[in-house]
Amino acid sequence: MNEVWIIAEQRAGRLMNVSLELLNKANELASALKVKSGVVLLGDGIRQMADELASYADRVYLVDSPELRFYQGLSYTDLVTGLIAEHEPDIVLTGSTPIGQDLAPRIAARLRTGLTAHCADLYIKYDGDKPLLAQVVPGWGGNMLLEITCPRKRPQMATVSPGMMPRCESREHKGEVISIQPEIASDARIETLEMFEESTPEKPLEDAEIVVAGGWGLASSGFSLVRELAEVLGGAVAGTRPAVDSGWLEKQKMVGQSGITIRPRLFISVGASGAPQFTIGFTGAKVVMAIDQNRNAPIFETADIGLVGDAGKIVPCLITALKNSTLCR
Amino acid sequence: MPVNIIVCVKQVPHPEHFSRITFDPARQAIRREGIPTVINPLDLNAVEEALRLRDRFTGKVTVISMGPPGARAVLEGALAMGADAAVLLSDKSFAGADSLATAYCLSCGIKKIPFDLVLCGKESIDSGTGQVAPQVAEFLGIPHATSVSEITVGGEDTLILKQVLERGYMKVRVRMPAVLAVTGEINQPRLPTIMTIMGAKEKPLEVWGASRIEADPDRLGLSGSPTQVTGMRQREIKRRREVLRGGPEEIAREAVERLQELLKA
Amino acid sequence: MEFGLSREQEMLRDMVRAFAERELAPNALSLDEKGQFPAAEWKKAAELGLVGIINAKEYGGSDMGHLARMIMIEEISKIYPSLGFCFQTGQIGMYGLQASGSEEQKKKYLPALCRGEDTIAWAVTEATGGSDPAGIQTTAELRGDEWVINGRKVFITGGESAKIVAFLAKTGETTGLFIVEKGTPGFSVPRREESLGLRSVPVSELAFTDCKIPKENLLGQEGRGLSVALAGIAAVGRPGAAGVSLGIAGGAYEAALKFAKERQLYGKPIARLQAVQFALVNMKVELEAARWLCYNSAWLLDQGRKPNDIGAEICMAKLHATDIANRICIKAIEVMGGYGLMPEYHVTRLLRDAVEILPAAGTQDIMRVIIGGGITR
C-alpha cells in the first residue's frame, strides 16, 4: 500500500512529543511520495487519542486492549509486524526513546529489513526513478554525518531522536481510525509489571540535552536567571568554577577542566567570560549560545550565537521569546 | 542453580581518536587502520554483571565477539577480568555487516554454546544503534529487554529487571533464556588484577569461521546487510560566532529564531 | 633484542592507568594537600596485586617482575607521583626481606605487607651521611637475647606511617640490618619534615634510645648490613625513583600537549606554532630516551642480572629520568602560560614532585660517581 507510517508512543494515556515530531516528518515524506500517512497506536483506553491523531494523519491503526496497557515487548512486536505484513507500508518511523529502541529493532529483525537509529534527518532521494528514504545519522561521537539507505528491503525503518525535528502543527487531516481487535496472546516469558515515572527528574548532567551554565558575571544579576532559563527549556543547570566556589551551585554541576565534559544539543553560557578551563567542557555541544556583558570576551569565539549585553535584561527577554517558540518544553 | 552466560563484546576505536576516522567512498568502508582500539565501554558493564551473577550462582561466562583477528584483544581483556572462555567470530564473509547481519552472525555463534542468559552493553560508542541485543533475541527466538539498569533473581529461572525510561523505569519479569542489554548505571566494572591478567592466557580463546557456526552466507556481511552507507562527511564543529547586537528584546527574539534553525539541522 | 612489551605487561599498563584515572585522579590534589600516607589507595593497589609485584606468590606476592613494576610506577606517577613514591620506598624492604630474610621473617612480615595492611620503611641515612653510609653512628649492641639500639636516622621516607622499619646500625666494626616494629619502647618518630613535593609520603627522623629488639630481628647476616641495605636501594629504590620521574615527565608532557592542541590563539591551536611544537618535540624525544633507559634497567633485573653488576645502567636511568622530569615540568608550565600555574592543570604539583625526587635513592651526583666509577674502571 506504500504508506508512510509512524509507530506512536504513549505512556499511561499520555502521547509522547516525539510522536508528533515523527508525524510531521511522515506527512512530509508521504506528500513527497504522493502516498498516505499512517499512525500505529497501541495501548489501553486510547480511543480518544486515536481520534485526535486522526486530525494529523490519513490513517490511524488502533489496537486498544487492557493487555497493552504497558509496553510488552513480544506482544507489541507481534501486533506491529502483523499490521506491517498486512498493509505493507513503504516506510516506518519510530522515536528512539528507550521503548522505541526496544521495539523497532525486533520488528526489523522479524521482517529481515533495515533499520537506522538516531536519525538526525530524513528525506527522499532518487536512485534513477526509484525513490529511497535517505537516513542521516551522526557517527563517531558526532564528528561524522553518514547517509544511509535501504535499497532492497521493505519497509525502510528508521528511529528518530526526540527533539530533532519540529512537531506537527496543522490539524488539517481527516484521517480514518481503523480499530483492530486481534487475538492478543500475552507471552508468559516476559511481562512488564509496573511503570514508574518520576515528576522531578535529576538526570546526570552528561545526559541532559540542554544545559544552561552560569559564571562569575552573574554576581550582580543573580544565578537564579540560569535556573529560570533552564526551566523554560527543560534543561539542566550547570556552572563554572567561580560559580561553584561562590556557593551558587554544587560541585557536581561544574563544567570544565576540573569538572565535567558534556555534549548537549544546546549549551547556553550566561555571564561566563570563556576561560579555557571552562570552554573545554563543552566543545562537543551541537549548538552553543553565549551571553556576556563584554563584547571582547573569549566566550564569543566558542559560540555559534553571541548576545552582548546585561544578562539581567537579556535573559528575561529570552524567556519570553522562548515561551512562544517550539523550544519551550 | 548455575547460570551460564554469554556476553557479546565489541572492539571499537578509542573515543579520543574519533576525529581521525575517515570514509573511503571507493570501498564503501570506514578507514580505521592505525587507530587505537578499546572494548566498548558498556560491554565492560555487561561482562561485570555476568561475573557477578556467576560469582553468586556458579556457572560459566563466555565472551563472544564478531570482528577482525585483532579483536581478540578485547576478548583477552574480558578473560583478564575473570571470564572463563572466549570465542572470536572472524571470517572474511562477515565483513561489511550492518546491525542485522551482525546480529545474525552472533546468534549463529551463540547457538553453538549452552547458555541461560545473553548480556550485551546497551549500545556501542561508535555506531551507537543499540539494535544488536533485540535482533539477536529475535534470531534466537527468546525474549529481550534493553536499557536494563538492575537485575535481581526472581525465582528458579526468572529475573526481575529495571528497564530505564527517560524519567523513571519499568519493572519487568522475564524467564530465561533471554537477551538483556545493560546500561552503565548497573554496576562499576572491576579492574583486572595482576593475578587475573596472568591467568588469562590459560583460558580457552577460539576463533570460529562461517562454516563452524553453520551460518547462511546470504545473511552475512555486506550481502546480508539491508542497509548501506551511501555517503559520509566530516561534521565540522566550527562555531558560527554570530554576535547579535541591539536592544535586549530584539536580540532575544533573533536569537530564538536562529536557535530553532540551528537545532533543526 | 625484543623491544615490545608482553601482552600481560600491556594489560597491566591498561589496568594501572584505569586505576589511576578512577581512584587517584579525583583526589590527587586534596591527598597531596593533606600530606598523609594514602592508606586507602595503598590497600586498593594491594588488592590489584600491585604492592607485592616483585614478591613470590608463596609469600602473597604477584611475582610479575621489575619491568612490570617500572610500568606500574610510571603510570601511577603520571597522575599521583606520591603514590608512585610509596612504591619506590615501600618495596625496598619487601625486596630486602625476600632476598635476605629468614624463612620465619618472610612468613611473619611479607603476607601482610603484600596485602597492603602494613608498610615497611628502609632507614639508612643519618646526619653524618646518606651519601656516605659508612659514616653512620647508630649502634646495635647484643646483650643476651636482645639488641640494644641507640642513634638517630634522618630523611626516612615513610618512617612516620610504617609499621616496620628496617634500619642499618653498627655492630662493632661491621654493620647489620635490623627490624624494629612501631610501638617498641625506645623507638620514636620525633620529627617530620615539611616536604616541597611528594607530600603524601612525609619524611621523618627516627630516634632509638636504648631500644631493645629481639635477637631474631637481625635481617640477613651480621656484618653484611651495608651491602644488603645498598642492594635494596640499587635494585628497588633507584629503579623506583626512575619510574616516578618517568611518570612525572610523562604526565607533564601529556598535560602540555593536550593544552597546546586545545588552546586557540591567532586562529589556530598553539600546537601548530613552531616554537610551541618544537618545545613539545624536545619533551617527547627526552621522554622516549629516558623511557628506554628505565625499561632496559628493569629488564636486566628480570633477566637475573645482579644489581651490583648493572649499577651503572640503573644509575643512568635514575639520573636521566629525574633530570628530564625537572626540565619537562618547567617547559610544560612555559607552554601553558598563565594557565600552567593553576592548580587544576596539575603541572605545578608535578614540578614540586620532580624537585623532591632529585636526592631519592642517592643524589644525582652520587649517580654520576657510580657511573663514573664503572666507565673508568
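The coordinates are above.
So, a few notes on the structure that sits alongside this text. All values derive from a computational prediction rather than experimental measurement.

### What about the overall build of chain B?
Of the regular secondary structure elements, chain B holds six helices and 15 strands. Oriented by its inertia axes, the alpha-carbon framework of chain B measures out at about 70 × 45 × 40 Å. Of all 265 residues assigned to chain B, the portion counted as buried reaches 54%. In chain B, once contacts between residues fewer than 6 apart in sequence are set aside, the share between residues at least 24 apart is 72%. Total accessible area computed for chain B in this model is approximately 11400 Å², and 50% of it derives from carbon and sulfur atoms.

### Looking at the sheet that holds strand β9 (residues 130–139) of chain A
Taken in spatial order, the four strands of this open sheet run β8(A)-β9(A)-β10(A)-β14(B), and their pairing is antiparallel. Two strands lie at the open edges of the sheet, namely β8 (121–127) of chain A together with β14 (228–234) of chain B, each paired on one side alone. Strand-to-strand twist in this sheet, taken as the mean axis angle between neighbours without regard to direction, amounts to 30 degrees. Pairing analysis gives six bridges linking strand β10 (residues 144–149) of chain A to β14 of chain B, with the strands arranged antiparallel. Residue pairing in the sheet places Thr 149 of chain A in a bridge with Gln 228 of chain B of β14 of chain B. Contacts from helix α1 (residues 17–33) of chain A reach β8 and β9 of chain A within the one sheet, and its direction differs from that of β8 of chain A by about 15 degrees.

### Overview of the packing of aromatic side chains
Taken as a whole, this structure holds 20 aromatic pairs over all chains when the rule is applied. Measuring from ring centre to ring centre gives 5.2 Å for Tyr 71 of chain A and Tyr 76 of chain A, while their planes differ by 75 degrees; the resulting arrangement is edge-to-face. Among the residues examined, Tyr 76 of chain A registers a relative accessible area of 8% and is labelled buried. Judged by centre distance (5.8 Å) and plane angle (75 degrees), the rings of Trp 292 of chain C and Tyr 295 of chain C are edge-to-face. Separated by three residues within a single helix, Trp 292 of chain C and Tyr 295 of chain C lie in helix α8 (residues 274–302), roughly one turn from each other. By relative accessible area, which is 5% here, Tyr 295 of chain C ends up buried.

### Examining the state of the cysteines
Scanning all chains against the criterion turns up zero disulfides over all chains. Looking at the unpaired Cys 168 of chain A, the closest cysteine sulfur is the one in Cys 119 of chain A, lying at 18 Å. There is no disulfide at Cys 8 of chain B, and the cysteine sulfur nearest it, in Cys 120 of chain B, is 4.0 Å away.

### Comments concerning the interface of chain A and chain B
Every contact between the two is made by 82 residues of chain A and, on the other side, 77 residues of chain B. Buried area between chain A and chain B, summed over both chains or domains, comes out near 7200 Å², and the portion from carbon and sulfur atoms is 57%. Remark: the boundary between chain A and chain B carries six salt bridges. Across the pair Lys 171 of chain B and Glu 194 of chain A runs a salt bridge whose closest N-O atoms are separated by 3.9 Å. Applying the counting criterion to the chain A and chain B interface returns 33 residue pairs in polar contact (both at pLDDT 80 or more). Every element with two or more residues in the side of chain A that touches chain B is listed here: α4 (98–110), β7 (115–119), β9, β10, β13 (190–197), β17 (287–292), β18 (305–308) and α8 (311–323) of chain A. Element by element, the count of residues in the side of chain A that touches chain B is highest for α4 of chain A, at nine residues. Here the side of chain A that touches chain B is built from residues that sort into 43 nonpolar, 18 polar and 21 charged. Across three bridges, the pairing between β18 of chain A and strand β15 (residues 242–244) of chain B is parallel. Note on β15 of chain B: the bridge partner recorded for Ile 305 of chain A is Glu 242 of chain B.

### Quick look at a negative patch on the surface
A surface patch of like charges, here negative, comprises Glu 104, Asp 145, Glu 146 and Glu 216 of chain C. If you trace the backbone, Glu 104 of chain C turns up in helix α6 (residues 103–114).

### Points about the interface of chain B and chain C
At the interface, 14 residues of chain B touch 15 residues of chain C. Of the roughly 1300 Å² buried between chain B and chain C, counting both surfaces, carbon and sulfur atoms make up 71%. Ranking the residues of chain B by area buried against chain C places Leu 191, Ile 194 and Ile 197 of chain B at the top, with a combined share of 50%. Inspection of the chain B/chain C interface yields one salt bridge. Among the salt bridges present, the one from Glu 76 of chain B reaches Arg 7 of chain C, with a minimum N-O distance of 2.2 Å. Linking chain B to chain C there are four residue pairs in polar contact (both at pLDDT 80 or more).

### Some points on helix α3 (residues 39–47) of chain C
All names here are of chain C. Among the residues making up α3, those that are buried are Glu 41, Trp 42, Ala 45 and Ala 46. Along the long axis of α3, the arc covered by the buried residues comes to 145 degrees, so they all point the same way. The inward-facing, buried residues of α3 abut α1 (7–24), α2 (28–34), α5 (81–100) and α6. Gly 49 sits one or two positions beyond α3 and adopts a positive phi of about 90 degrees.

### Considerations on a nonpolar patch on the surface
Together, Met 1, Phe 3 and Trp 292 of chain C line one region of the surface with nonpolar side chains, adding up to about 440 Å² of accessible area. Given a relative accessible area of 36%, Trp 292 of chain C falls into the partly exposed group.

### Looking at the pairing of strand β10 (residues 158–165) of chain B
Residue and element names in this part refer to chain B. Among the eight residues of β10, seven are classified as buried, and the element is accordingly described as predominantly covered. Here strand β9 (residues 144–153) pairs with β10 via five bridges, running antiparallel. Bridge pairing links Val 148 to Gln 163 in β10. Where β10 lies against strand β11 (residues 168–175), eight bridges are found, and the strand directions are antiparallel. Its bridge partner being in β11, Ile 160 is matched across the sheet by Arg 173. Once β10 ends, the chain turns through two residues before running back antiparallel as β11.

### Comments concerning the environment of Gly 144 of chain C
Here Gly 144 of chain C is to be found in the loop between β2 (139–143) and β3 (146–157). Along the primary structure Gly 144 of chain C and Pro 214 of chain C are separated by 70 residues, whereas in three dimensions their C-alpha atoms are 9.6 Å apart.

### Considering unusual backbone geometry
Both trends apply: most residues other than glycine have a negative phi, and most peptide bonds are in trans. For the peptide bond that leads from Arg 154 of chain A to Pro 155 of chain A, omega is -5 degrees, which places it in the cis range. Looking at the element boundaries, Pro 155 of chain A is found in the loop between β10 and β11 (156–160). Backbone torsion omega between Met 176 of chain B and Pro 177 of chain B reads 5 degrees, so that peptide bond is classified as cis. Relative to the assigned elements, Pro 177 of chain B resides in the loop between β11 and β12 (178–182). One non-glycine residue, Ala 12 of chain A, lies in the positive phi region at around 45 degrees. Assignment of secondary structure puts Ala 12 of chain A in the loop between β2 (10–11) and β3 (14–15).

### Some words on the pattern of salt bridges
Residue and element names in this part refer to chain C. In total, this model carries 61 salt bridges over all chains according to the counting rule given. Close ionic contact of Arg 368 with Asp 365 constitutes a salt bridge, the shortest N to O distance being 3.1 Å. Linking Arg 368 with Asp 365, this pair stays in helix α11 (residues 364–375), spanning three residues, or about one helical turn. Through salt bridges with shared partners, one network takes in Arg 13, Arg 17, Glu 74, Glu 75, Lys 78, Glu 254, Lys 284, Glu 288 and Arg 291.

### A short note on a positive patch on the surface
Side chains of Arg 112, Lys 130, Arg 152 and Lys 153 of chain A sit close together on the surface and give a patch of like positive charge. In this fold, Lys 153 of chain A is placed in the loop between β10 and β11.

Criteria and cut-off values
Residues numbered from 1 in each chain as written. Chains lettered and ligands numbered in written order. Predicted model: local features only at pLDDT ≥ 70, side-chain atom pairs only at ≥ 80, totals over all residues. Heavy atoms only, no water. Helix = DSSP H or I, 4+ residues; strand = E, 2+ residues; numbered from the N terminus. Buried < 20%, exposed > 50% of the residue type's maximum accessible area, 1.4 Å probe, protein only. Contact = heavy atoms within 4.5 Å. Areas by Shrake-Rupley, 256 points an atom, 1.4 Å probe, with all protein chains shown as cover. Pairing = 2+ DSSP bridges. Axes fitted to C-alpha atoms, helices over the stretch in contact; angles between N-to-C directions. Phe/Tyr/Trp six-rings, centres within 6.5 Å; stacked < 30°, edge-to-face > 60°. Disulfide = S-S within 2.5 Å. Buried area = accessible area lost by both parts, 1.4 Å probe. Salt bridge = Lys/Arg side-chain N within 4 Å of Asp/Glu carboxyl O. Polar contact = N/O pair within 3.5 Å; in protein donor to acceptor, adjacent residues only side chain to side chain. Nonpolar A, V, L, I, M, F, W, Y, C, P; charged D, E, K, R; others polar. Patch = residues over 30% accessible without salt bridge, like charges linked within 9 Å, V, L, I, M, F, W, Y side chains within 5 Å. Lys, Arg positive; Asp, Glu negative; His and termini not counted. Charge placed at Lys NZ, Arg CZ, Asp CG, Glu CD. Arc of directions from axis to C-beta.

So yeah, pure geometry; function would need other evidence.
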